[in-house]
Amino acid sequence: MRKILTSIILLIFTTCAASATEPADTAKTPQPSEAYLGFMEQADKAIAENKWADAELALKEALRLEPFNPMNAILHSNLGMVQHYNGLDSLALDNLSTAHRLAPNSVTVLLNRGEILTSLHRIPEAIEDYAMAMSLDTTQIEPLFYHAMLCFNSDSIDKAKADMDQLQSRFPDNELTSLALGTFNAFTGKFKEAIPYLNKVIASTPTAGDYCTRAMCYLMTEQLAEASEDLARGIELDPTDGELYFYRAILNKMRYRPEDAHADALKAVQFGVASDRIKALGL
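Cut-offs used in this document
Along each chain, residue indices are assigned from 1 in the same order as the chain's sequence is written. At least 70 in pLDDT is required for a residue's local features to be given in this predicted model, at least 80 for side-chain atom pairs to be given and counted, and no such filter applies to totals for whole chains, interfaces and linings, which use all residues. Excluded from the side-chain calculations are hydrogens and water; all other atoms, namely the structure's heavy atoms, are used. Residues enter a nonpolar core if they are buried and are Ala, Val, Leu, Ile, Met, Phe, Trp, Tyr or Cys, with the set joined through side-chain atoms within 4.5 Å. Each residue gets one of three labels from its accessible area relative to the maximum for its type: buried under 20%, exposed over 50%, partly exposed in between, using a 1.4 Å probe on protein chains only. Counting from the N terminus, the helices are DSSP H or I runs at least four residues long and the strands are E runs at least two residues long. In this description, contact between two residues means that some pair of their heavy atoms is separated by no more than 4.5 Å. Expected helix span is computed as 1.5 Å times (number of residues minus one). Each salt bridge in this description consists of a side-chain nitrogen of Lys or Arg and a carboxyl oxygen of Asp or Glu lying within 4 Å of one another. Each Phe, Tyr or Trp ring (for Trp, its six-membered ring) is paired with any other whose centre lies within 6.5 Å, and the angle between the two planes then decides the class: stacked below 30 degrees, edge-to-face above 60, tilted in between.

1. A few points about the nonpolar core
No. 1: Formed by 35 residues in total, the largest nonpolar core has its most connected members in I116, Y130, F145, L150, M164, L167 and A180.
No. 2: Counting only elements with at least two residues in this core, the list comes to α4 (89–102), α5 (107–119), α6 (123–136), α7 (141–153), α8 (157–170) and α9 (175–186).
No. 3: Among the elements that take part in this core, α7 stands out by supplying nine residues, more than any other.
No. 4: Excluding residues within four positions of it along the chain, A180 makes contact with F145, M149, M164 and L167.
No. 5: Ranked by size, the runner-up nonpolar core spans 27 residues in total, among them A186, A194, L198 and A265.

Here it is, written out as structure tokens:
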């Protein structure tokens with residue numbers, strides 16, 4: 001699944017203190033200090049430059065400075081994502097959970113926490129977050145897309161199919177819909193049907209994974225030249241993706257090139273493909 005998170009996350013969350021018919025009394029709302037805003041600006045700059053440690057430090061300083069500021073839901077969410085980008089997923093989850101407590105109706109927080117839970121392989125909890133986000137805002141495609149993909153990967157095929165139908169009916173022209181339907185068809189054996197959807201995705205913003213999925217479909221429909229081209233493009237984008245070498249090993253075996261197939265099989269294992277899958281190919 002591709003990440004669609006922005007560097008700085010803007011949260012929209014409701015407050016329960018004021019009535020819907022009464023204007024907010026800004027005079028009673030403490031304004032953030034210049035120092036607090038300065039740390040936020042430093043974090044923003046660091047995030048833009050992918051300096052995750054610097055961003056984390058600035059966000060923590062802002063939280064330390066004003067621990068009860070109403071804007072801290074934003075800071076905890078941003079801090080969690082910065083830690084996620086820096087490989088600190090357990091700390092990230094703590095901060096996203098804090099952000100959720102402060103802003104329980106924020107779809108953005110739920111999407112971000114769902115991503116971290118997925119990274120931690122806590123899939124049932126991630127599915128719950130995406131389901132909650134879906135119920136809070138039916139106009140956004142992201143919760144529906146991620147819910148569909150996780151249900152599919154968890155073998156909840158009926159739920160995934162229901163989500164796919166919703167994607168197709170409500171967001172027919174969205175790239176995420178094409179990605180979901182292409183992936184779903186490819187991995188349920190509908191290889192020919194998957195290719196047009198994957199074509200749309202690859203024409204827009206292709207990833208190594210997209211090329212790999214379409215290459216698999218080409219292999220299964222015996223379009224070997226097309227598969228070869230996709231695998232080459234995928235490896236160019238990510239030379240450490242073991243799946244690409246796995247499928248190129250299959251391609252080389254189909255082309256009666258056993259030495260090349262064996263070399264690709266070794267690379268596939270080197271980059272994380274289980275050796276049992278290689279043995280199943282007879283390599």
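What follows picks up the thread again.
2. Things to note about the environment of N185
No. 1: Structurally, the position occupied by N185 is in helix α9.
No. 2: Among all residues touching N185, those that are not within four sequence positions of it are K190, F191, E193, A194 and Y197.

3. Quick look at α4
No. 1: With 14 residues, α4 ought to run about 20 Å at 1.5 Å a step, and its terminal C-alpha atoms sit 20 Å apart, in line with that.
No. 2: Every buried residue of α4 is accounted for by D89, A92, L93, N95, L96, S97, T98, A99 and H100.
No. 3: Tucked inside the fold, the buried residues of α4 contact α3 (72–85), α5 and α6.

4. Some remarks on the pattern of salt bridges
No. 1: With the rule as written, the count across this model stands at 12 salt bridges.
No. 2: The salt bridge involving R122 is made with E125; its shortest N-O contact spans 2.8 Å.
No. 3: Measuring nitrogen to oxygen at the nearest pair gives 2.6 Å for the salt bridge that ties D230 to R214. Of this pair, D230 sits in helix α12 (residues 224–237) while R214 sits in helix α11 (residues 208–220), placing them 16 residues apart in sequence. Accessibility classification places D230 together with R214 in one group, the buried group.
No. 4: Here the salt bridges do not stand alone but share partners, grouping K45, E49 and K51 into one network.

5. Remarks on the packing of aromatic side chains
Working definition: an aromatic ring pair is given by the centre-to-centre distance plus the angle between the planes.
No. 1: Applying the stated rule across the entire model yields six aromatic pairs.
No. 2: Residues F145 and Y146 carry aromatic rings whose centres are separated by 5.1 Å and whose planes lie at 70 degrees to one another, so their mutual orientation is edge-to-face. Both residues of the pair, F145 and Y146, belong to the buried class.
No. 3: Each ring, one from F246 and one from Y247, has its centre 5.2 Å from the other, and the planes form 80 degrees; the classification is edge-to-face. Each member of the pair F246 and Y247 is classed as buried.

6. Notes on the environment of A261
No. 1: With respect to the helices and strands, the residue A261 is situated in helix α14 (residues 258–270).
No. 2: Residues A261 and Y245, 16 residues apart in the sequence, show an inter-C-alpha distance of 8.9 Å.
No. 3: Those residues within four positions of A261 in sequence are excluded, and the remaining contacts are A249, N252, K253 and L283.

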